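Structural overview for review
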Amino acid sequence: MCETTVLFFLFSQTRRASLMSARQLYRASNMTQKWQRREISNFEYLMFLNTIAGRTYNDLNQYPVFPWVITNYTDAEIDLTSPNNYRDLSKPVGALNPSRREYFEERYAAWDNEQVGTLF
């Protein structure tokens, strides 16, 4: 059983933990420090964050979220030390290249929905 599962089992067994907010669970867990010290994997850390955010495999509307970080899906082997194999996380997925950015900017500018309205 992975450490994350054990942690949630222990938390779920206490009344105090059942009354904790996601922020309180996050702070009480020390999971960020464990992840920084490489005591838990990236997957375990992301699953912890998804779980305290209320995400679950049982509901497609609340399915866990994982960031899209790899850009190279064509090579048989990927050099994980090469920055060229990772996407630029300073940009949203819709702006990764000029054509995608232009498409989404045009789409946003053309948005017209009275029920939803615009963001700005």
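Keep in mind it's a predicted model, so treat the numbers as computed, not measured.

What follows is about the side chain of Asn85. By secondary structure assignment, the location of Asn85 is in the loop between helix H5 (42–52) and helix H6 (98–109). For Asn85, a relative accessible area of 9% gives the class buried. Those residues in contact with Asn85 that sit more than four places away from it in its chain are Val69, Ile70, Thr71, Asn72, Ile78 and Asp79.

A word on the environment of Val93. In this fold, Val93 is placed in the loop between H5 and H6. A residue is classified by how much of its surface remains accessible, and Val93, at 28% relative accessible area, is partly exposed. Beyond its immediate stretch of four places on either side in the chain, Val93 contacts Trp68, Arg87 and Arg100.

All right, on to a nonpolar patch on the surface then. Together, Phe43, Tyr57, Leu60, Tyr63 and Phe66 line one region of the surface with nonpolar side chains, adding up to about 560 Å² of accessible area. Residue position: Phe43 is located in helix H5.

With that out of the way, let us pick up H5. Of the positions making up H5, those classed as buried are Glu44, Tyr45, Met47, Phe48, Asn50 and Ile52. Gly54 sits one or two residues past H5 and shows a positive phi near 90 degrees.

Right, let's talk about the side chain of Thr32 for a bit. Tracing the backbone shows Thr32 in helix H4 (residues 31–36). A polar contact of 2.8 Å, which involves the side chain of Thr32, links it to the side chain of Tyr45.

This part is about the nonpolar core. Membership of the largest hydrophobic core is limited to seven residues, which are Met20, Leu25, Met31, Ile40, Tyr45, Phe48 and Ile52. The element contributing the most residues to this core is H5, with three residues. Excluding residues that lie within four positions of it along the chain, Met20 makes contacts with Leu25 and Ala28.

Procedures and definitions
- Residues numbered from 1 in each chain as written.
- Predicted model: local features only at pLDDT ≥ 70, side-chain atom pairs only at ≥ 80, totals over all residues.
- Heavy atoms only, no water.
- Helix = DSSP H or I, 4+ residues; strand = E, 2+ residues; numbered from the N terminus.
- Buried < 20%, exposed > 50% of the residue type's maximum accessible area, 1.4 Å probe, protein only.
- Contact = heavy atoms within 4.5 Å.
- Patch = residues over 30% accessible without salt bridge, like charges linked within 9 Å, V, L, I, M, F, W, Y side chains within 5 Å.
- Areas by Shrake-Rupley, 256 points an atom, 1.4 Å probe, with all protein chains shown as cover.
- Salt bridge = Lys/Arg side-chain N within 4 Å of Asp/Glu carboxyl O.
- Polar contact = N/O pair within 3.5 Å; in protein donor to acceptor, adjacent residues only side chain to side chain.
- Core = buried A, V, L, I, M, F, W, Y, C linked by side-chain atoms within 4.5 Å.

Just geometry here; none of it tells us what the structure is for.
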